[in-house]
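Remarks on the overall topology
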Amino acid sequence: MQLGLIGLGKMGGNMRERLRKAGHEVVGFDFNPDISDVKNLPALVKALDAPRVVWVMVPAGAPTRSTVEKLSGLLDKGDLVIDGGNSRFTDDFENAKLLKTKGIGYVDCGVSGGIWGLENGYGLMCGGDKKWVQKAMPIFDALRPEGPRDEGFVHAGEVGAGHYAKMVHNGIEYGLMAAYGEGYELLEKKDIIKDVPGCFKAWSRGTVVRSWLLDLLVTALEEDPNLNNVSGYTVDSGEGRWTVEEAIANSVPMPIISASLFARFASRQDESPTMQAVAALRGQFGGHAVMTYEEGKRLRKGEAPETPAQVKREAKEDKPAEQEAVRKGREAASAGPSSGTGSTTSRGERKATQKTGTKRGRKAATAGPTSGSGST
C-alpha cells in the first residue's frame, strides 16, 4: 500500500522504516531536507496515487491543525487523512468537520511505543468511521505488534475516540511511573537495603508488578545505579492534564493520576511556595524554627545539621520571660488545632501584647478547633 507520511522525527522516522520493511511504499516529508523524500506538501500529494492516504505525525496543537488545513486544500474527494500525533480529542472534531466539507476522510490514531516501536511494533487506538479505518488497515497491521490484531489495535469508536483512549493511556502511565519512583526512593532511603537495582531486576519476572516500564527502569538503574546524572525536573506533554480535566468533567475520582501529575509540577520548583507558607505558619503558631532559603538549601545537601536559625532561636529562648511565654504558647497549641484565635499584628505589636495574648490564646485554644475568631 502507498502512504504519505508527514513528520519524520523520533517516531515518524521509525514508522517509515517499519512500513517499508513490511513492503509498503512510503513517501515522507519533513522540514529537515536531509531526511525528507520530497521538498514540500504539494510535492508529497503529487507523488501519491489517488485515492491517497496521508498520515500526519507532527507536534499536537497548532502544527497539526495547520498541516490538516493545508492538506484540505491539496487533497481530493475520497482521500484520507490520519492524525497519529498526541492531539487533544476535541481538535479531532474540528479537523474532521473541515475535511468532510471537501469529501476527505479523517481518522485519529493514538500511537504508543515510543522509540522502541520500530522493533516491537506500536499500540494503535483509532477513532472514525469504519470505512476509513478499514481503508488504512494494511498500514495499521504493519505498524502494530505481531500477533492477534486486538492485542495491539483497537477501533475505539467515533472521531476523537482514538486520541481519547491514548489520553487515558498516558494518564495511567503517569500513575505507574510515579509508583515505581516512590518505591525506588523508599528503597534508597533504607539502610538495610544494599542493592536497589537488584530489587527491581528481581521483580521483572514472576511478580505481579512486572511490566515493560519496570524493565526500562531496570535498564536505567544498570546505567546509573543512583541516578546521579538524572535531574528530577519532569515535564508533561499535556495528556495527563487532559485526563484529569476529563475526570473532573465526568465526576470520575482519579486521586492517583492527579497526584502523579501534581508531582511533576512539584519537580520543577527549586523551592515550594506551598511549603514556604507551611514553614512560616509553624513558626507563627508553634515557635518552630523558620529557616532562610539558603539555610534550607544547605540542609537539603546535608551540609547544615544545625541551622543558624535554630541556634539564634535557642539563644533567644534562654531569656526567662520570653522562655515562659513560649512555654505557655506551646501548652495552648497542644490543646488542639486552631486556625487563629487572636488578631494579626506586626512583630512589635505582638511583643507588646504577648503576656495578655498568651492567656487569652490558651483559653481559646482549649475550646476546640476554630476557623478564626479574632479580627485580621
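Structure shown above.
Residues numbered from 1 in each chain as written. Predicted model: local features only at pLDDT ≥ 70, side-chain atom pairs only at ≥ 80, totals over all residues. Heavy atoms only, no water.

**Notes on the overall build of the chain**
The test is simple: Think of it this way: any DSSP run of H or I at least four residues long counts as a helix, any run of E at least two long counts as a strand, and we number them from the N terminus. For every residue, the accessible area obtained with a 1.4 Å probe (protein chains only) is divided by the maximum for its type, and the residue is called buried under 20%, exposed over 50%, and partly exposed between those limits. In this analysis, two residues are considered to be in contact whenever any of their non-hydrogen atoms come within 4.5 Å of each other. For accessible areas, the Shrake-Rupley method is used with a probe of radius 1.4 Å. Any residue's cover is judged against the shown protein chains and nothing else.
Along its length, the chain carries 18 helices and seven strands. Looking at the chain as a whole, 36% of its 376 residues are labelled buried. Of the contacts made within the chain by residues no fewer than 6 positions apart, 65% connect residues no fewer than 24 positions apart. With an accessible surface of roughly 22,400 Å², the chain has 55% of that area assigned to carbon and sulfur atoms.

**Quick word on the packing of helix α8 (residues 161–189) against helix α11 (residues 239–249)**
Cut-off, in case you're wondering: To define axes, lines are fitted to C-alpha atoms, for helices over the stretch in contact only, and angles between the resulting N-to-C directions are given on a 0 to 180 degree scale. Note that the term roughly parallel is reserved for angles under 35 degrees, roughly antiparallel for angles over 145, roughly perpendicular for angles of 65 to 115, and oblique for everything else. Under this grouping Gly is polar, as are all residues other than the nonpolar Ala, Val, Leu, Ile, Met, Phe, Trp, Tyr, Cys and Pro and the charged Asp, Glu, Lys and Arg.
Closest axis-to-axis distance for the α8/α11 pair is 8 Å, and the angle between their directions is 105°. Comparing their axes, α11 and α8 come out roughly perpendicular. In this structure, α8 contributes Y164, M167, V168, N170, G171 and Y174 to the contact, and α11 contributes E239, G240, W242, T243 and E246. Partitioned by chemical class, the residues of the contact of α8 with α11 number five nonpolar, four polar and two charged.

**So, the sheet that holds strand β7 (residues 153–157)**
This is how the line gets drawn: A pair of strands counts as paired when DSSP detects no fewer than two bridges linking them.
What the seven strands build is an open sheet, ordered β2-β1-β3-β4-β5-β6-β7; its pairing is mixed. What marks the edges here is a single partner per strand, and that holds for β2 (25–29) and β7. Across the sheet, the mean angle from the axis of one strand to that of its neighbour is 25°, orientation sign disregarded. As judged from the four bridges shared by strand β6 (residues 123–127) and β7, these two strands associate in the parallel manner. Bridge pairing in β7 links M125 to V154. Along the sheet, α8 makes contact with β4 (80–83), β5 (105–112), β6 and β7, crossing β5 at roughly 15°.

**Quick notes on the environment of H155**
Rules: Throughout this description, a polar contact denotes any pair of N or O atoms lying within 3.5 Å of each other; where both atoms belong to protein, one of them has to be capable of donating a hydrogen while the other can accept it, and for residues adjacent in sequence the pair is counted only when both atoms sit in side chains.
Mapping H155 onto the fold places it in strand β7. Spatially, the C-alpha atom of H155 lies 10.0 Å from that of V107, the residues being 48 residues apart in sequence. The residues touching H155, leaving out its near neighbours within four places in the chain, are C126, G127, G128, D129, K130 and V133. Separated by 2.7 Å, the side chain of H155 and the backbone oxygen of G128 make a polar contact.

**Description of the pairing of β5**
Selection rule: A clockwise course of the path from the first strand over the helix to the second, judged with the strands pointing away from the viewer, identifies a crossover as right-handed.
In terms of burial, β5 is a largely internal element, seven of the eight residues being buried. By the bridge criterion, four bridges tie β4 to β5 in an arrangement that is parallel. If you follow L80 over to β5, its bridge partner there is G105. Considered for its hand, the β-α-β crossover made up of β4, helix α4 (residues 89–100) and β5 is right-handed.

**What about the packing of helix α3 (residues 62–72) against α4?**
Two measures define how a pair of helices packs: the angle their axes make with one another and the distance between the axes. In the contact formed by α3 and α4, the axes pass within 10 Å of each other and the chain directions differ by 10°. Considering the angle they form, α3 stands roughly parallel to α4. For the pair α3 and α4, contact is made by R65, V68, E69 and S72 and by D91, N95, L98 and L99, respectively. Taken together, the residues that form the contact of α3 with α4 break down as three nonpolar, two polar and three charged.

What is shown is where atoms sit, not what they do.
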